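Structural overview
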Amino acid sequence: SQQGEEDPQALSIQEGENATMNCSYKTSINNLQWYRQNSGRGLVHLILIRSNEREKHSGRLRVTLDTSKKSSSLLITASRAADTASYFCATDDSNDYKLSFGAGTTVTVRA
Amino acid sequence: GAGVSQSPSNKVTEKGKDVELRCDPISGHTALYWYRQSLGQGLEFLIYFQGNSAPDKSGLPSDRFSAERTGGSVSTLTIQRTQQEDSAVYLCASSHHQGYNEQFFGPGTRLTVL
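Just so you know, these numbers come straight off a predicted model, no measurement behind them.

Focus on the state of the cysteines
Joining two cysteines, a disulfide is a covalent bond between their sulfur atoms. Residues and elements named next belong to chain A. In this structure the tally under the stated criterion is two disulfides over all chains. One disulfide in the model links Cys-23 with Cys-89; its S-S distance is 2.0 Å. When the S-S torsion is 65°, as for the bridge of Cys-23 with Cys-89, the disulfide is right-handed. Of the two residues, Cys-23 is situated in strand S3 (residues 19-24) and Cys-89 in strand S9 (residues 85-93); the sequence distance between them amounts to 66 residues.

And the structure:
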């Protein structure tokens, strides 16, 4: 079953704008990860945030985690056409090692 | 260094035939995962291998699905008597150890059952 749910399902922005997507989950977690997928093939790990962290940065990516609300957000700043992809959040249950993925947010960056 | 590789990249088969999908994890990664992704959907967990422990098969959708991992490295996912609903992209991932759990994915095998 999918624990993470991304919102919105799809997002279209102009190059240079910021893109924000959210993820909500149901059970307590060890960590939350964000992945990117191009053209329906392999996923690329973007960033991992632990349950005791509130914010993390990696290049143009900023991830926040609010465990009280069981939610996370991924912000892509100064978007580029190459950022066009589907973005998934994944959580591992604190009692489990399996990752549960949401259905993803499809981001389209218009040149 | 080499990432996770999967073969074949595409497989078209007829309903009722058996297929084998292969995954070569990153060298030194003790954990290996198989997922399935149907069109426009998220990833569905299938099976997990960790070192020499018994695999977690809780995600396999039916007894037509099986997987093995030889020598703690290469893994094969076998689907017997394929059905049209088995059509999906099958993704393999590996990770260095269970606790950290950052997974590295292969490019996937796109399976089409006619």
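There is more to say after this.
A look at the interface of chain B and chain A
Contacts between the two partners involve 26 residues from chain B and, on the opposite side, 21 residues from chain A. For the chain B and chain A pair, buried surface summed over both sides reaches about 1800 Å², with 48% attributable to carbon and sulfur atoms. Counting across the interface, chain B meets chain A through zero salt bridges. Where chain B meets chain A, there are four residue pairs in polar contact (both at pLDDT 80 or more). Looking at the side of chain B that touches chain A, the elements that each hand over two or more residues are strand S4 (31-37), strand S5 (43-50), strand S8 (88-95) and strand S10 (109-113) of chain B. Residues of the side of chain B that touches chain A, tallied by class, amount to ten nonpolar, 13 polar and three charged.

Some points on the packing of aromatic side chains
One pass over the full model with this rule turns up eight aromatic pairs over all chains. Ring geometry for Phe-101 of chain A versus Phe-105 of chain B: centroids 6.1 Å apart, planes at 80°, classification edge-to-face. One end of the pair, Phe-101 of chain A, is in strand S10 (residues 99-101); the other, Phe-105 of chain B, is in strand S9 (residues 104-105), on a second chain. Arranged with centres 6.2 Å apart and planes meeting at 75°, the rings of Tyr-35 of chain B and Phe-45 of chain B form a pair that is edge-to-face. Residue Tyr-35 of chain B is located in strand S4, and its partner Phe-45 of chain B is located in strand S5; the two are separated by ten residues in the primary sequence. Residue class for Phe-45 of chain B comes out buried when judged on its relative accessible area of 13%. Taken together, Tyr-35 and Phe-101 of chain A together with Tyr-33, Tyr-35, Phe-45, Tyr-48 and Phe-105 of chain B form an aromatic cluster joined through their ring pairs.

Definitions and limits used
Residues numbered from 1 in each chain as written. Chains lettered and ligands numbered in written order. Predicted model: local features only at pLDDT ≥ 70, side-chain atom pairs only at ≥ 80, totals over all residues. Heavy atoms only, no water. Disulfide = S-S within 2.5 Å. Helix = DSSP H or I, 4+ residues; strand = E, 2+ residues; numbered from the N terminus. Contact = heavy atoms within 4.5 Å. Buried area = accessible area lost by both parts, 1.4 Å probe. Salt bridge = Lys/Arg side-chain N within 4 Å of Asp/Glu carboxyl O. Polar contact = N/O pair within 3.5 Å; in protein donor to acceptor, adjacent residues only side chain to side chain. Nonpolar A, V, L, I, M, F, W, Y, C, P; charged D, E, K, R; others polar. Phe/Tyr/Trp six-rings, centres within 6.5 Å; stacked < 30°, edge-to-face > 60°. Buried < 20%, exposed > 50% of the residue type's maximum accessible area, 1.4 Å probe, protein only.

Interpretation note: all reported values are geometric properties and have no functional meaning in isolation.
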